[in-house]
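Each chain, written out:
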Amino acid sequence: MTELTNVTEAKAIKVPTLPDAQTVTSVTHWTDRLFSFRVTRPASLRFRSGEFVMIGLMGEPHPGTGKVKPLLRAYSIASPSWDEELEFYSIKVQDGPLTSRLQHIQPGDEIILRPKPVGTLVHDALLPGKRLWFFATGTGFAPFASLLREPQTYEDYDEIVITHTCREAGELTYGAELIESLKGDELLNEVIGEGFWKKIKYYPTTTREESAKMGRITDLMRSGEAFADLGVAPLSPETDRAMICGNLAFNLELKEMLEGYGLVEGANSNPQHYVVEKAFLD
């Protein structure tokens, strides 16, 4: 894990020169593979916590025509719907067309942001329930970073369980620090109610590096260890709702498990017991 590098807000907001441009206001490098950044928010942008947008940079000129096209990828908005800025959480892929360049952004730089939010990880896609599960791997924590700061999450549910499985302990830092920060968030404690964060049960695990809890969340659920550790019963369609955001293999495995518990997949047009973010690939 590399030392955290916090960059303060940009001193001056530049006039946009790119189409749908927004200005980077801060960047934090969490590990040599992970970073987060905040950008200005278009005045007209409205979104539901948990949704994603397309963001990116201008690509390289075409060798034949010289034309330059935008290079865009789907990114979950990690900030809640009420935030004045937009936050994103990303991996660094050294030979990735976008992230090989995106990881080097600095405050004052511009990114392209297409202001058309979509996604399935929203409260509207779930039927009412008592306990809400967030299942994440890697940067799949991003939409839950938004939902954990959304007042409706705590108005709708008595308990929120968030599981986060990563390869190394350092990759859990972003999520762990965000959850810890909720305790001292004066605004949320005032709006939602003092001690709202006590509804959260946080269950981080690692698969490669030694940590307090080792193992894939799916294995820990099958063995019953996860439920014993959390002090909750296995999922039931009568009480439990779930959201999944991880790599494709994880999503498919967990979908099968949840359906084994009797849960039904929902959508914006057909609210049910659980939803999966299909646009995310860790």
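Residues numbered from 1 in each chain as written. Predicted model: local features only at pLDDT ≥ 70, side-chain atom pairs only at ≥ 80, totals over all residues. Heavy atoms only, no water.

Asker: Could you give an account of the sheet that holds strand β10 (residues 200-206), with specific residues and numbers?
Answerer: Strands sit in the order β10-β9-β8-β11-β12 across an open sheet of five strands; the sheet is parallel. The sheet is open, and its two edges are formed by β10 and β12 (274-276), each paired on a single side. The mean angle between the axes of side-by-side strands here comes to 10°, regardless of whether they run parallel or antiparallel. (Pairing = 2+ DSSP bridges. Helix = DSSP H or I, 4+ residues; strand = E, 2+ residues; numbered from the N terminus. Axes fitted to C-alpha atoms, helices over the stretch in contact; angles between N-to-C directions.)

Asker: Go over the pairing of strand β11 (residues 240-245), please, and point to the residues and values.
Answerer: Counting buried residues along β11, six of its six residues qualify, which places the element largely inside the surrounding structure. Of the two faces of β11, the one lined by D240, A242 and I244 and the one lined by R241, M243 and C245 are each fully buried. Relative to β11, strand β8 (residues 131-137) runs parallel, the two being bridged by six bridges. Bridged to F134 within β11 is M243. As paired strands, β11 and β12 are joined by three bridges and run parallel to one another. Each bridged residue has a counterpart across the sheet, and for I244 the counterpart in β12 is V276. Each parallel crossover has a hand, and the one from β11 via helix α8 (residues 248-260) to β12 is right-handed. (Buried < 20%, exposed > 50% of the residue type's maximum accessible area, 1.4 Å probe, protein only. Right-handed = clockwise from strand over helix to strand, strands pointing away.)

Asker: Report on the nonpolar core, specifying residues and quantitative values.
Answerer: Formed by 32 residues in total, the largest nonpolar core has its most connected members in F134, F141, F144, L148, I162, Y174 and M243. Among the elements of the structure, β6 (85-91), β8, α2 (142-147), β9 (159-166), α4 (173-181) and β11 are those that each provide at least two residues to this core. Looking at this core, the element that brings in the most residues is α2, giving four residues. Sequence-distant contacts of F144, defined by excluding residues within four places in its chain, comprise L121, F134, F135, A136, I162, M243, I244 and C245. Counting 21 residues, the second largest nonpolar core, distinct from the first, contains A242, L258, L263 and Y274. (Core = buried A, V, L, I, M, F, W, Y, C linked by side-chain atoms within 4.5 Å. Contact = heavy atoms within 4.5 Å.)

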